[in-house]
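# Summary of structural features
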Amino acid sequence: MLGILIVFASVFAAAYLIIKKYYAPGVLLFVGLITLSVVTIISPDPILTGKKATNLAALDIVQIVTNLLQTRTAGLGMNIMAIAGFSYYMDRIGASKALVRLSIKPLEMIHSPYLVMTAGFALSMLLNVFIPSAAGLALLLMVSLYPVLIAAGVSRQSAAATILVGGCACFGPSGSNSLLAADLTNMHVMDFFLNVQWRIGWFIVPFMLVAHFFVQRYFDKKDLASGKLTQADFELPNIEQDDKATQSVPVFYAIFPLVPVFLLFVFSPLVYKGIRMEVVTALITSMLIAFVVDGLRRRNLKDSLETLRAYPQGMGKVFTSTVFLIVCAEVFAAGLTKSGGINTIIQSVSSMDAGAVAVFTVMFLIVVCSAMVTGSGNASFFSFAPMIPDAAAHVGGNAAFMLSPLQLSSGMGRSMSPVAGVTIAVAGLSGVDPFQLIRRSIPVMIVAIAATYVRSVMLI
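How each quantity is defined
- Within each chain, residues carry numbers counting from 1 in the order of the written sequence.
- Only residues with pLDDT of 70 or above have their local features reported here, since the model is predicted, and side-chain atom pairs are shown and tallied only from 80 upward, although totals for entire chains, interfaces and linings are computed over all residues.
- Only heavy atoms go into the side-chain values, all of them from the structure, while hydrogens and water stay out.
- Each residue gets one of three labels from its accessible area relative to the maximum for its type: buried under 20%, exposed over 50%, partly exposed in between, using a 1.4 Å probe on protein chains only.
- Numbering of helices and strands runs from the N terminus; a helix is a DSSP stretch of H or I covering at least four residues, while a strand is a stretch of E covering at least two.
- What the arc measures is the spread of directions leading from the helix axis to the C-beta atoms.
- Nine residue types can take part in a nonpolar core, namely buried Ala, Val, Leu, Ile, Met, Phe, Trp, Tyr and Cys, and a core is a set of them joined through side-chain atoms within 4.5 Å.
- The contact rule is simple, with two residues in contact once any of their heavy atoms fall within 4.5 Å.
- Note on aromatic pairs: the rings of Phe, Tyr and Trp (six-membered ring only in Trp) are paired at centre separations within 6.5 Å, and the planes decide the class, stacked below 30 degrees, edge-to-face beyond 60, tilted for the rest.
- Each patch is built from residues lacking any salt bridge and having more than 30% relative accessible area; the joining distance is 9 Å for like charges and 5 Å for nonpolar side chains (Val, Leu, Ile, Met, Phe, Trp, Tyr).
- In short, Shrake-Rupley with a 1.4 Å probe defines the accessible areas, and a residue's cover is counted only from the protein chains shown.
- Salt bridges are defined as contacts in which a side-chain nitrogen from Lys or Arg sits within 4 Å of a carboxyl oxygen from Asp or Glu.
- Site definitions follow a grid-based scheme: protein atoms alone, a 1 Å grid, a 1.4 Å probe that fits but cannot get out for cavities, and for pockets an open set with protein on both sides within 12 Å along at least five of seven lines, plus lining residues having an atom within 4 Å of a point.
- Grid points are joined across faces, edges and corners, and a volume is the space filled by probe spheres set on the points.
- Residues were grouped as follows: Ala, Val, Leu, Ile, Met, Phe, Trp, Tyr, Cys and Pro as nonpolar; Asp, Glu, Lys and Arg as charged; and all remaining residues, including Gly, as polar.
- To estimate how far a helix should extend, the number of its residues minus one is multiplied by 1.5 Å.

Before going further, it helps to spend a moment on helix α19 (residues 388-395). The complete set of buried residues in α19 reads Ile-388, Ala-391, Ala-392 and Val-395. Buried residues of α19 fall within an arc of 100° about the axis and therefore sit on the same side. Counted as exposed and oriented over 90 degrees from the buried face of α19: Asp-390 and Ala-393. Immediately beyond the C-terminal end of α19, within one or two residues, lies Gly-396, with a positive phi of roughly 75°.

Shown next, in the form of structure tokens:
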């Protein structure tokens, strides 16, 4: 019972501080260390055993942080940093914007406003496979897709809501949540994407698209009739356009962001086992291909070499924003786990007839609520995902099919949060109040979360 009280107190303290806009990784690390300290004091057993134990209780707490830094930075952390570096490089040479510009061309051929909007939503989810940052994708789409949607005849609010939910599911092998889930289940990331994540994804996408169509059309009609919207809300905004350097980038540059996914797919156990292709190798190979082609186009060695600066800059930025967050979240999770409270909850729930379904339901609700409250899908998923493999083994569930819906729903919960970075970014560029945005995203995400839960229960 004491362990459960420690779990709830720790979660409440972390959520409260994050809501108050305290630095999220610092909060998770701080609360995690305090939780570990309390467990060390009240528990008769050491919190760390084995070769890496320091044999001093206070140092064991610090050693847990050391162990996580060593393992995560060298493995999963390196993959995430390599992806970020590649993404920054693609943006630096204009390839990401070329992909987005090329992708929205077909939308101009559709003459039904809300069909254009729904197709834009589908396109955003597709682009999210190759551009894993929800905020980064939203910023690109605000320049390119947002004006197209308003020109088609939807309101600024509907267009902004479409951009907000575009990266809600975090589909694809490149996202940090997907990488962590694949790592925890010892699966190749493409195997996890195609055989686990997409087996849930194909079911929920139609529900999201249909819900988004009717929800945004309903709000536009209702708000226009009530006077909350005026004709000015259906006019093109003054959004900053691409710079001349980006506009001059050839259309074929749109291929470059797709190359890593292509390589990982071809040289994976699903297609060809003769060549082993790691995530980092695929990213560096793709970057070198793009570098050579871009260098031939520029014909200026100094400028070409200067573009490479974006790669380490991206790696450094994502270490501070994501990799460090993973470590801090896992310190927080370690505190919850070692308190014994999580194990007590799992044992209590698994004693019911539902077994794996009951455990999954509890964790599912915790992750969704945490993501919505904190505005971070990463923080919520990273905090609780490491507990799932052991929990799944305890109740006889499938760890992969318990992890994937948590990963998907964490992004959906983030898309309902007024304090999420992507919400604030879209609200700022569109001039729409964040609460007006989530008023339109919440109904769509509730449908998506419900569909995710139903499909996951079928599989676990």
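There's more to say after this.
Note on soluble globular proteins: their nonpolar side chains tend to be buried together. One finds Phe-171, Ile-204 and Met-208 to be the most contacted residues of the largest nonpolar core, which totals 136 residues. Looking at which element gives the most residues to this core, the answer is helix α10 (residues 189-226), with 15 residues. Ignoring any residue separated from it by four or fewer positions in sequence, one finds Ile-204 in contact with Phe-171, Leu-408, Met-412, Ala-448, Ala-451 and Thr-452.

Per the counting criterion, the structure on display carries 13 aromatic pairs. An angle of 15° between the planes, with centres 5.8 Å apart, marks the rings of Phe-360 and Tyr-453 as stacked. With Phe-360 in helix α17 (residues 356-374) and Tyr-453 in helix α22 (residues 434-459), the pair connects residues that are 93 residues apart, well separated along the chain.

This paragraph deals with a nonpolar patch on the surface. On the surface, Met-1, Leu-2, Leu-5, Phe-30, Ile-34, Val-38, Ile-41 and Ile-42 cluster together into a nonpolar patch covering about 840 Å² of accessible area. Mapped onto the nonpolar patch, the elements with two or more residues apiece are α1 (2-19) and α2 (24-42). Tallying contributions element by element places α2 first for the nonpolar patch, with five residues. Mapped onto the fold, Phe-30 is located in helix α2.

A few words now on the environment of Thr-320. Position of Thr-320 among the secondary structure elements: in helix α15 (residues 310-338). The sequence separation of Thr-320 and Pro-25 amounts to 295 residues, and the corresponding C-alpha distance is 9.2 Å.

Let's shift gears to the environment of Gln-313. On the secondary structure map, Gln-313 appears in helix α15. Sequence separation between Gln-313 and Gly-85 is 228 residues, and the spatial gap between their C-alpha atoms is 6.8 Å.

With that out of the way, let us pick up empty space enclosed by the protein. In this approach a probe as big as a water molecule rolls over the atoms, and the regions it shows empty are the leftover space. By the definition in use, this model includes one cavity of 30 Å³ or more. Of the volumes computed, that of the largest cavity is approximately 140 Å³. Elements with a contribution of two residues or more to the lining of the largest cavity: α4 (76-92), α12 (259-266) and α13 (279-298). Counting residues per element, the lining of the largest cavity draws most heavily on α4, which supplies four residues. Tallied by class, the residues present in the lining of the largest cavity amount to 13 nonpolar, three polar and no charged.

Here the focus is the side chain of Ser-404. Relative to the elements of secondary structure, Ser-404 occurs in helix α20 (residues 399-414). In this structure Ser-404 touches Phe-192, Val-196, Gln-197 and Ile-200, once residues within four positions along its chain are discounted.

Over its 19 residues, α2 runs 27 Å from end to end, which matches the ideal 27 Å to within 8%, given 1.5 Å per residue. Every buried residue belonging to α2 is among Pro-25, Val-27, Leu-28, Val-31, Gly-32, Thr-35, Leu-36, Val-39 and Thr-40, and all of these are buried.

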